[in-house]
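Here is what each chain is made of, one letter per residue.
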Amino acid sequence: MTTRRARRSVRSATLVAVAAAAVLSMTACQSAGADAASGSGKAGSVSTARLADTGDARSTAETGGGRSATEVQVASAKTTSPVRKQTLADGSTAEIRKVGAQHYRAEIVSHGDVLATLDANGKDAGLDANDMFVVLTLDGKVHSWMGGGQSGPGTFELAGGWTAKVTQVGDLHYRAEILGLDGSVMGTLEADEQDAGLVANGIYIVLSAGGVISAHE
């Protein structure tokens, strides 16, 4: 009887050991499978991140370092050297730059400070700067003179035989019709919150947004 019980105990211990080994084997397989799945997921994330980084770099290169095309053009225009400098009637300086075809910009500079800007884009531009009048033509020429202003509304004789009929359209909005010898309208200046200028047969004319008109040969 003692011998049989011992054999049964040995068998039970053997079965328990086999079962434990099987459990350990299954646990190891499950753990390996989970690690493999987790590892492939991480690899996929790294790959996606790299593609995103590449896309960001390409996008940055295409937009000029994160700036829009307009910002890049503006920055480039600011670094362009002046086409030329010209001394004006009051001693200040006009720095004239070419922006494009029939498009010039002039900055009025005094002691290093920009006092005003004229922009002639497809048409002449004018400025009344404290009784100094300036015209910038669409081909980049600048003409300035002092005084001679006449305050509208009204009809005024101008240099060169022109006549100007100045009317008030609204607040800081004046219109000047440039009349020929027969009274016909040869041109119009519209100063709507911004001074205006033009050249008529070699005569430079400025109309301010306050209704002051002046002309000079």
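Residues numbered from 1 in each chain as written. Predicted model: local features only at pLDDT ≥ 70, side-chain atom pairs only at ≥ 80, totals over all residues. Heavy atoms only, no water.

*Asks:* Whenever I open this one, the nonpolar core confuses me. Can you help?
*Replies:* It is characteristic of soluble globular proteins that their nonpolar side chains tend to be buried jointly. One finds Leu158, Val166, Leu189, Ile205, Leu207 and Ile213 to be the most contacted residues of the largest nonpolar core, which totals 18 residues. Listed in part, the 15 residues of the second largest apolar core include Ile96, Ala116, Val134 and Val142. (Core = buried A, V, L, I, M, F, W, Y, C linked by side-chain atoms within 4.5 Å. Buried < 20%, exposed > 50% of the residue type's maximum accessible area, 1.4 Å probe, protein only.)

*Asks:* Even after reading the chapter, I still don't get the pairing of strand β3 (residues 103–110), so can you show me in this structure?
*Replies:* A regular strand places its side chains on the two faces of the sheet in alternate fashion. Note that strand β2 (residues 93–100) and β3 share 7 bridges and pair antiparallel. Opposite Arg97, over in β3, you have Arg105 as the bridge partner. In sequence, β2 turns back onto β3 through a hairpin of 2 residues, with Gln102 there showing a positive phi of about 50°. The sheet contact formed by β3 and strand β4 (residues 113–121) spans 8 bridges and is antiparallel. Pairing of Ala106 across the sheet is with Leu118, part of β4. Taken together, β3 and the strand that follows it, β4, pair antiparallel across an intervening segment of 2 residues, in which His111 is found at a positive phi of about 55°. (Pairing = 2+ DSSP bridges. Helix = DSSP H or I, 4+ residues; strand = E, 2+ residues; numbered from the N terminus.)

*Asks:* Would you explain the sheet that holds strand β1 (residues 84–87) in this entry?
*Replies:* Two orientations exist for strands paired in a sheet by backbone hydrogen bonds: parallel and antiparallel. One open sheet accounts for 4 strands, arranged β1-β2-β3-β4; its pairing is antiparallel. With partners counted over all chains shown, the strands left at the sheet margins are β1 and β4, one partner each. Each strand of the sheet is rotated relative to its neighbour by a mean of 25°, with strand direction disregarded. (Axes fitted to C-alpha atoms, helices over the stretch in contact; angles between N-to-C directions.)

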